[in-house]
Amino acid sequence: MVSAAEMLSVAAFLEGYHAQAFPSFGSERMGAPVVAFCRLDNKEIRLREPVMTPDALIVQDPTLLHQVDLFNGLDTRGYLLINTRRSYRDLGLGDYVKKFPPHHISTVAATEWALEYVGRPLPNVALLGAFAAMTRRVTLESVVAAVRQKFPGKLGDGNAAAAAKAYDSIRTN
Amino acid sequence: MLEQIEGSQAVAKAIALCRPEVICAYPITPQTHIVEGCAEMIRTGAIQNCEFINVESEFAALSVAIGSSAAGARTYTATASQGLLFMAEAVYNVAGLGLPIVMTIGNRAIGAPINIWNDHSDSMALRDAGWIQLHAETNQEAADLHIQAFKLAERLSAPVMVCMDGFILTHAYERIEIPDQAQVDAFLPPYQPRQILDPADPYTIGAMVGPEAFMEVRYLAHDKLLQALSVIPEIQQEFKDIFGRESGGLFHGYRMEDAETVVVTMGSVAGTVKDLVDELREDGAKVGVITLCSYRPFPLDGLRRALQGAAKVIVLEKSLALGFGGVLAADVRTALHGRDTHIHTVIAGLGGRPITRKSLARMFARVERGDLKDPHFLDLDLDIVRREIDNQRSQITAGPIAENILREIGPCGPKAV
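Fair warning: this is a prediction, and the values are worked out from it, not measured in the lab.

## Focus on the overall build of chain B
Along the backbone of chain B there are 15 helices and 15 strands. Since a compact globule built from 417 residues should have a radius of gyration of about 22 Å, the 22 Å found for chain B is in line with a globular shape. Across the 417 residues of chain B, 47% fall into the buried class. At a minimum sequence separation of 6, the contacts of chain B that also span at least 24 residues come to 78%.

This is the structure in structure tokens:
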């Protein structure tokens, strides 16, 4: 998740944005809930407070949905992207997602695509592909360039393919 | 070259450009990425003629640094929090010996209770050890200050800590101009040690000094830091001449023209304060900000002049002297001694508690109304505090305070940042 915010900031930087990405670690162990933030702007970003009213929220681990107050601060004019194969109703979000404009909410099977293209259950890059398609704030090309910068070589190829797959799944939806 | 890069990596690259000869460090969050970055560059050959020495503790890290610096090598290390405390004895020795070591502090709280997040307790604990302490407001400034730090340290033969907020800066990705080698070489000459341990020409460094001379030696260490008050702005100007950027100096003012209420602060929170000040200015409030870059030496006279027009001063700090109050606030009060300026102490952000515009705006409003108690603890949950005070008073076996508070608050998710 932290890498996703970092790569999103790099993608935005490549398109001329000022971008700031930073994590908030719950605790220093694998598996602990982690929140990471990314801000994009056309001018210098000086603000250092956490993002408390996001324009877009990406949920990498849907098992957190009912453990933590994830949607606190998310405006229903914003964007919501969830990594899952399940339906909104299944997730208990049937009524909640009706508040959003139709193209502002999406689910993607990012973990499965990561397993398929990268061989490991790391869904963050696929989620960035989907995010680019949904919000159109950054292009897929910039996302892929940021991913290849972080993961050179074969790992980058796989992740780039996963991002493209997720991007297409949103665009054709 | 302009890069979108993590603060720690930018600092590692800045260190590399300074052509260090010895780097010895022990990893501790949130400093780890910096020394990992340095080690990696030595491994790949991106840093030439430099040895990375693995050590078993922070005490060893700075002790090895003392040896290498005394032997004439440009020496760098980095630490944070308990790591800085663990090397405390060596911290004083470096300053006492006048060795120009540069050390990054990834500012982090001190336990117990254990806490990995940012505040300024660590560098504050060693503020009077004889090191120059510079605080970075942004990652650009963090990178730039390291380049300036070697020049400053070597010109005065005094050690420099470059303090940057843990996580908030060390782990933040933002755009940073990474200088090129030719610029840094033009700015920073090769290290010429003022004293050098050489078996071919032996002499003593670190002799015992008795009552007959200790006062004089100590006074000279104090005088050296006071000299830094003029050297720091000189180096700031020399840096600007070559790199074209304003970085470093004793302090920066923001919207200080006609400011009647001024926030004095240090480190990355200044950015948040500036955003709020812009908002307040739009509503007609005459507010400004002073961000201290040099905490030691403390620019008493400069600050006194800069705050001449201020009727109210709010000292916003991430440190708390237990049993006393604000640490930075006490320094600012000394600078303003004899004036009738209203000085408010605001303690904020301890242990990584976010400092938000919303909370700062509420605090500002109370300052303007004149009903802010001093010192003020931003976003302190007084109900919980009072209940625990009652609990501790009412039963002798009340148990550990930290764990009682955690139970009161309940399971705390990542949103409770």
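Now that the structure is up, let's keep going.
## Concerning the domain arrangement of chain B
How large an interface is tends to be reported as the accessible area lost when its parts come together. Residue and element names in this part refer to chain B. Taken domain by domain, chain B comprises domain 1 (2-243) and domain 2 (251-377). The C-alpha centroid of domain 2 is placed 27 Å from the C-alpha centroid of domain 1. At the interface, 25 residues of domain 1 touch 21 residues of domain 2. Sorting the residues of the side of domain 1 that touches domain 2 by element identifies α6 (121-125), β6 (132-135) and α9 (214-243) as the ones contributing at least two each. Broken down by element, the side of domain 1 that touches domain 2 gets its largest block of residues, five residues, from α9. For the side of domain 1 that touches domain 2, a count of residues per class yields 14 nonpolar, seven polar and four charged.

## Considerations on the environment of Thr77(B)
All names here are of chain B. Among the secondary structure elements, Thr77 is positioned in strand β4 (residues 75-79). In this structure Thr77 comes out as buried when scored by C-beta crowding, with 31 C-beta atoms within 10 Å. Ignoring anything within four residues of it in the chain, the contact list for Thr77 reads Ile23, Cys24, Ala25, Ala61, Leu62, Ala65, Ile101 and Met103.

## Considering helix α13 (residues 357-369) of chain B
Structural remark: α-helix, 3.6 residues per turn; residues separated by three or four positions point the same way. Residue and element names in this part refer to chain B. Helix length check: α13 (13 residues) gives 18 Å between terminal C-alpha atoms against 18 Å at 1.5 Å per residue, within 8%. The set of residues buried in α13 consists of Leu360, Met363, Phe364 and Val367. Relative to the axis of α13, the buried residues are bounded by an arc of 105° and lie together on one face. Residues of α13 that are exposed and point over 90 degrees away from its buried face: Lys358 and Arg369.

## Focus on the nonpolar core
Core analysis: the biggest nonpolar cluster contains 167 residues, and Ala126(A), Leu127(A), Ala130(A), Ala163(A) and Val162(B) have the highest contact counts within it. Split by domain, the residues of this core number at least three in each of domain 1 (2-243) and domain 2 (251-377) of chain B. Beyond its immediate chain neighbours, meaning those up to four positions away, Ala130(A) contacts Leu81(A), Ser106(A), Val108(A), Ala110(A), Ala166(A), Tyr167(A), Ser169(A) and Ile170(A).

## Some details on the packing of helix α1 (residues 2-14) of chain A against helix α4 (residues 124-135) of chain A
Residue and element names in this part refer to chain A. Following both chains from N to C, one finds α1 and α4 inclined at 40°, their axes separated by 9 Å at the closest point. Relative to α4, α1 is oriented oblique. Judged by the sense of rotation from one axis to the other, the crossing of α1 with α4 is right-handed. Across the interface between the two elements, Ser3, Ala4, Met7 and Leu8 from α1 touch Asn124, Leu127 and Leu128 from α4.

## Quick word on the interface of chain A and chain B
Counting residues at the interface gives 26 residues for chain A, matched by 23 residues for chain B. Taken together, the elements giving at least two residues each to the side of chain A that touches chain B come down to α1, β1 (18-25) and β2 (34-41) of chain A. Split into classes, the residues belonging to the side of chain A that touches chain B amount to 13 nonpolar, seven polar and six charged.

Cut-offs used in this document
Residues numbered from 1 in each chain as written. Chains lettered and ligands numbered in written order. Predicted model: local features only at pLDDT ≥ 70, side-chain atom pairs only at ≥ 80, totals over all residues. Helix = DSSP H or I, 4+ residues; strand = E, 2+ residues; numbered from the N terminus. Rg over C-alpha atoms; globule rule 2.2 N^0.38 Å. Buried ≥ 20, exposed ≤ 12 C-beta atoms within 10 Å, placed from the backbone. Contact = placed C-beta atoms within 7 Å. Domains from an automatic or database assignment. Nonpolar A, V, L, I, M, F, W, Y, C, P; charged D, E, K, R; others polar. Expected span 1.5 Å × (residues − 1). Arc of directions from axis to C-beta. Core = buried A, V, L, I, M, F, W, Y, C linked by C-beta atoms within 7 Å. Axes fitted to C-alpha atoms, helices over the stretch in contact; angles between N-to-C directions. Parallel < 35°, antiparallel > 145°, perpendicular 65-115°, else oblique. Left-handed = near helix turned anticlockwise from the far one by under 90°.

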